[in-house]
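# An overview of the molecular structure
The primary structure of each chain is shown beneath.
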Amino acid sequence: MHEHYTPAQIEADAQAQWENNKVFQAVEDVSKPKYYACSMLPYPSGKLHMGHVRNYTINDMLARQLRMRGFNVLMPMGWDAFGLPAENAAIAYKKSPAEWTYANIADMKSQMQPLGLAFDWSREIATCDPDYYKWNQWFFLKMLETGVAYKKTQIVNWDPVDQTVLANEQVVDGRGWRSGAIVEKREIPGYYFGITQYADELLDDIDQLEGWPDMVRAMQRNWIGKSEGVRFAFDHDVKDADGAPINDGKLWVFTTRADTIMGVTFCAIAAEHPLATRAAELNPALLPFIDECKHGGTTEAELATQDKKGVSTGLFVTHPLTGAQLEVWIGNYVLMGYGDGAVMAVPGHDERDFAFAHKYGLPIRQVVAVDGETYSAETWAEWYGDKVRGVMINSGKYDGLGYKAAVDAVAADLAAKDAGEKKTTWRLRDWGISRQRYWGTPIPIIHCPCCGDVPVPYEDLPVVLPTDCIPDGSGNPLKHREDFLNVACPKCGEAAQRETDTMDTFVDSSWYFMRYCDPKNGEAMVGEGTKYWMAMDQYIGGIEHAVLHLLYARFWTKAMRDAGLVSFGEPFKNLFTQGMLLRDCYYREDTHGKKRWFYPSEVDVLHDDKGRPVSAIAKEDGQPVVMGGIEKMSKSKNNVVEPKDIIEQYGADTARLFTMFAGPPDQSAAWSDSGVEGAYRYLRRLWAFGVKHAETIRTAGELTAALAKDDKALRFEIHSTLKQIDADFERLQYNTVVSGVMKLLNALEAYKGDNAAVLRESFGILLRAIYPAAPHIAHQLWRELGYGDEIADAAWPEPAADALTQDEIKLMVQVNGKLRGEILVAKDAAKDVIEAAALAQEGVQRFLDGAPKKVIIVPGRLVNIVA
RNA sequence: GCCCAGGUGGCGAAAUGGUAGACGCAGGGGACUCAAAAUCCCCCGCAGCAAUGCGUGUCGGUUCGAGUCCGACCCUGGGCACCA
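Worth saying up front: this structure is predicted, and the values here are computed from it rather than measured. (Residues numbered from 1 in each chain as written. Chains lettered and ligands numbered in written order. Predicted model: local features only at pLDDT ≥ 70, side-chain atom pairs only at ≥ 80, totals over all residues. Heavy atoms only, no water.)

In terms of regular secondary structure, chain A is built from 27 helices and 37 strands. Seen through its principal axes, chain A has C-alpha atoms that stretch 105 × 85 × 65 Å. When the 867 residues of chain A are sorted by exposure, 51% land in the buried category. In chain A, once contacts between residues fewer than 6 apart in sequence are set aside, the share between residues at least 24 apart is 71%. Within the structure as shown, chain A displays about 39,200 Å² of accessible surface, and the carbon and sulfur contribution to it stands at 50%. Within chain A, one finds 93 positive and 120 negative side-chain charges whose respective centroids are separated by 3 Å. (Helix = DSSP H or I, 4+ residues; strand = E, 2+ residues; numbered from the N terminus. Buried < 20%, exposed > 50% of the residue type's maximum accessible area, 1.4 Å probe, protein only. Contact = heavy atoms within 4.5 Å. Areas by Shrake-Rupley, 256 points an atom, 1.4 Å probe, with all protein chains shown as cover. Lys, Arg positive; Asp, Glu negative; His and termini not counted. Charge placed at Lys NZ, Arg CZ, Asp CG, Glu CD.)

Structure below.
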């Protein structure tokens, strides 16, 4: 046994033993309760970040502790290996995406392995492997058969930088979510998954996801965006240039407030609406405003405070119930992409319409009243939009009705006139999966001049993607690959061509977690392994996937269920979203406002006399730099920490221990160099304690009932801390698990007794408690001190009831809720004994004026005397 | 504007309605050392010599007792958004 802590050697030895004995290879075993814990599939960028270390250590702590508690644990790892970065790298380095990707995977894996994570690497998958994406293609064909997948020609979001189509969900602020390029509209054919067919179920089942953070559930609900209302039409006689009525003479609108229909005083349409286009033809003066709406930053966050702007088209429509003529305005607040691109305006009861009407002097009509409130068309009040208390007025036959009754009555009347009906609209759109790029799953379709689009026969799968293409930025290289392209039509045998579009990579990540369960199954997409391991017990990943990935995976699971492949409808029982790792950053701005970022090591921080940081200077010139606060680690800000450097200097256990201790795992945590030192210091102390007491612990006998006071005190401390650690494991609060194991060592070091059995028991608890966080050192000490050969197979310790019972207990004494003293009483002392002891306290008497009014005793806790 | 999370020492943070600040970092003092590093010991919310008082974003409330529960508000972070 080394006298000093030597992490490099300890960690290599432990990892070799785990690998040689296949300790973490998961085998289906119905005699044990299963637990499937999985981290979100990483993209193989080639660089392992400290954030990865934190995320996977969370996963690892969970897996290792549950394994000790008797669960059959599966913790797999794989690679989200398709996608655009590989094509960009190909352009930059003239390497094929396949070569680049596989090199990155090897690289990243080699950086990951020194961390000693308990992954079952035998189940590793890469989504760019034909054995994997074959099943993307297979299930695509299944969905095509059932109509869940379909082809349509549609105006799509075209990303001019990525040269690809984006789903509506992937457009952020009018820009591609990855490239940031301003999205253009283009019309091309593509394949879609009918996620909206599952909209109701996706929404309803959110209620069942009790193991998910409320925040994520709320975000999914908002994304799906169910909205119940009435869709109806205003008639008009506006005709296009050829004299045909536009949209058959109807202006369709959707409203959730059909009750206020008698308060409609005008209509507002989007700038792209056909009526707007026609109005501009008739009156070119409208063009500048229409242009402004199309190109103006309609999705800027500041728009919340921006003025509602509009312009009248000079066109009129007819109110379907009153027959009144209503002016049609083009409004910058109406979106063509939502509903019908037109709204009925009720300035009396919609805040937005109210502001618009005021600005342009349009009529305002009150049709809802609330008892006790006074209406004024001059200023807006919250209650104008009240659906609960509001009652209809100035609305003819609807007067006196409440919100729901009024909506029903209006909907019925519109339906009777064949002018509209109740309708549910959704924010959610179908998922476009066609990508005009090379590095992805080929869509298994053959275009035949005679037979049209023909699905590739199942027996011909997979359609293998050639791996030697090198994209050059001019589009999809598959278009020039004759050997890929040319194929006989499966139907008629004539010369035909393959589809060259590939699938969105969100397809790959929608079910990979099931493939881990049957990674080598050549016969089926999923099999017995999936039956055994799914649904997943704990999914761990970033909040940035709260909507897209998690919604797609839920949808895909339901589609698989409906295809008879699995029996469950929700893939993830519990979801944990971990926080990011942040670090201080420092910069200096040049005269052009360009920031130069300094590495934290290049900066000295100056503190005031209270230790508060007040300013920072660069070491190189002593001149001030700006303290940029703590930000997400990023290369551009020079505040990245390399896991490799930390592991080399301190070892993996230190890196793991620090990232767990830095803060609650679900919140962001700040990197701290001195904090890392602290974690290292602790592990050294732990090792030194093991060395110092090795002989005593190795040769210790059985624990007996005859214990000295110090022995009892130590056991109480150890076992009660273990209880706390257990509770914190349960709720995944690993930062306090670590502080718990720190307490254990503090208690052991403070122990004055000489009972070898107590020492052995206590240190054994400490080793198992710290094992999930710092497995290597625990593994080595476990062996060296003669506890056993493999700590991973040891049973998780149970707090012992006899250690937790105390003869005497300390009670805090309060007067009027303020702490005034403490007493030591027998654990089963009678109430009057406790009361007498409390009242006898000097500190209590001083604050007591005569007899106490009341004495409250909280058993085992405190006594509160009400004076 | 809507939704979600959060606001506690110099810092990261902890606390089933019951001792606020555990655990750690930084800081101060001391021991060991020729010296340094490492290690060990002590102190460490604010004010005060002390007794004590004040302290968990603000203001109220419930309670014997509130960081924790309720109501209103302020601030920070994240997400979504002219969503009708």
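Pairing geometry for strand 28 (residues 581–589) and strand 33 (residues 669–670), over two bridges, is parallel. By the bridge assignment, Leu582 is partnered in strand 33 with Ala670. Direction of pairing for strand 28 relative to strand 29 (residues 595–598): antiparallel, over a ladder of four bridges. By the bridge assignment for strand 29, Glu589 is matched with Lys595. (Pairing = 2+ DSSP bridges.)

With that settled, the discussion passes to the pairing of strand 37 (residues 862–866). Examined bridge by bridge, strand 34 (residues 808–815) and strand 37 share four bridges and lie parallel to one another. Looking at the pairing, Val813 lines up with Val863 of strand 37. Sheet topology places strand 36 (residues 854–858) next to strand 37; five bridges connect them, and they run antiparallel. Note that in strand 37 the partner of Val855 across the bridge is Ile865. Counted between consecutive antiparallel strands, the loop separating strand 36 from strand 37 contains three residues, among which Gly860 sits at a positive phi close to 75 degrees.

This paragraph deals with the environment of Met536. You can see Met536 is positioned in the loop between helix 15 (528–533) and strand 26 (538–542). C-alpha of Met536 to C-alpha of Thr318: the two residues are 218 residues apart in sequence and 56 Å apart in space. The contact partners of Met536, leaving out residues within four places of it in the chain, are Tyr36, Cys38, Phe513, Pro571, Phe572, Lys573 and Asn574.

As a further point, take the packing of aromatic side chains. One pass over the structure, following the stated rule, counts 43 aromatic pairs. Ring geometry for Trp329 against Phe356: centres 5.7 Å apart, planes inclined by 85 degrees, an arrangement best described as edge-to-face. Taken together, the residues span a long stretch of sequence, with Trp329 in strand 14 (residues 325–331) and Phe356 in helix 10 (residues 351–360) at a distance of 27 residues. In this structure, Trp329 and Phe356 share a single accessibility class: buried. An angle of 65 degrees between the planes, with centres 5.4 Å apart, marks the rings of Phe506 and Tyr552 as edge-to-face. Of this pair, Phe506 sits in helix 13 (residues 505–508) while Tyr552 sits in helix 16 (residues 548–562), and the two are 46 residues apart along the sequence. The class of Tyr552 is buried, set by a relative accessible area of 1%. Sitting over the face of the ring of Phe484, Arg498 holds its NZ or CZ atom 5.8 Å from the ring centroid. (Phe/Tyr/Trp six-rings, centres within 6.5 Å; stacked < 30°, edge-to-face > 60°. Lys NZ or Arg CZ within 6 Å of the ring centre and 35° of its normal.)

Any two side chains of opposite charge can pair, given that their charged atoms come close. This structure, assessed with the given rule, holds 39 salt bridges. The partner of Arg123 in a salt bridge is Glu28, and the shortest N-O contact between them spans 3.1 Å. With Arg123 in the loop between helix 4 (97–112) and strand 4 (125–126) and Glu28 in the loop between helix 1 (7–20) and strand 1 (34–39), this pair connects stretches of sequence that are 95 residues apart. Under the relative-accessibility criterion, Glu28 is labelled partly exposed at 35%. Within this structure, Glu201, Asp205, Arg554, Lys558, Arg561, Asp562 and Glu570 form a network of salt bridges that share partners. (Salt bridge = Lys/Arg side-chain N within 4 Å of Asp/Glu carboxyl O.)

Another point: the sheet that holds strand 34. The strands that make up a sheet pair up through hydrogen bonds in the backbone, lying either parallel or antiparallel. Strand order in the open sheet formed by four strands is 35-34-37-36, and the pairing between neighbours is mixed. Edge positions in the open sheet fall to strand 35 (818–826) and strand 36, since each of these has one partner strand only. Within the sheet, the average angular offset between the axes of one strand and its neighbour, ignoring direction, is 20 degrees. Here helix 26 (residues 831–839) sits on the sheet in contact with strand 34, strand 35, strand 36 and strand 37, set at roughly 135 degrees to strand 35. (Axes fitted to C-alpha atoms, helices over the stretch in contact; angles between N-to-C directions.)

Attention shifts here to the protein's contact with RNA strand B. Around RNA strand B, 54 residues are found, and the nearest of them are Thr256, Asn332, Ala662, Arg731 and Arg846. One nitrogen or oxygen atom from the side chain of Arg681 is found 2.5 Å from a phosphate oxygen belonging to RNA strand B. A distance of 3.1 Å separates a phosphate oxygen of RNA strand B from a polar side-chain atom of Asn746. Mapped by element, the contributors of at least two residues to the surface near RNA strand B are helix 7 (214–224), strand 11 (250–255), helix 19 (673–692), helix 22 (734–750), strand 34, strand 35, strand 36 and strand 37. (Near = heavy atom within 4 Å. Polar contact = N/O pair within 3.5 Å; in protein donor to acceptor, adjacent residues only side chain to side chain.)

Here we take up the confidence of the model for chain A. Predicted confidence across chain A gives a mean pLDDT of 87, with 94% of residues reaching 70 or more. Contacts for the low-pLDDT stretch residues 296–305, under 50 throughout, to residues beyond four places or in other chains number six contacts. Our summary of model confidence lists the complex with pTM equal to 0.88 and ipTM equal to 0.92. (pLDDT = per-residue confidence, 0-100.)

A cis geometry characterises the amide bond from Leu461 onward to Pro462, with omega recorded as 0 degrees. Its location among the elements puts Pro462 in the loop between strand 22 (452–455) and helix 12 (482–485). Of note, the bond from Met534 into Ala535 is cis; its omega dihedral lies within 30 degrees of zero at 0 degrees. Tracing the backbone through its elements, the reader meets Ala535 in the loop between helix 15 and strand 26.

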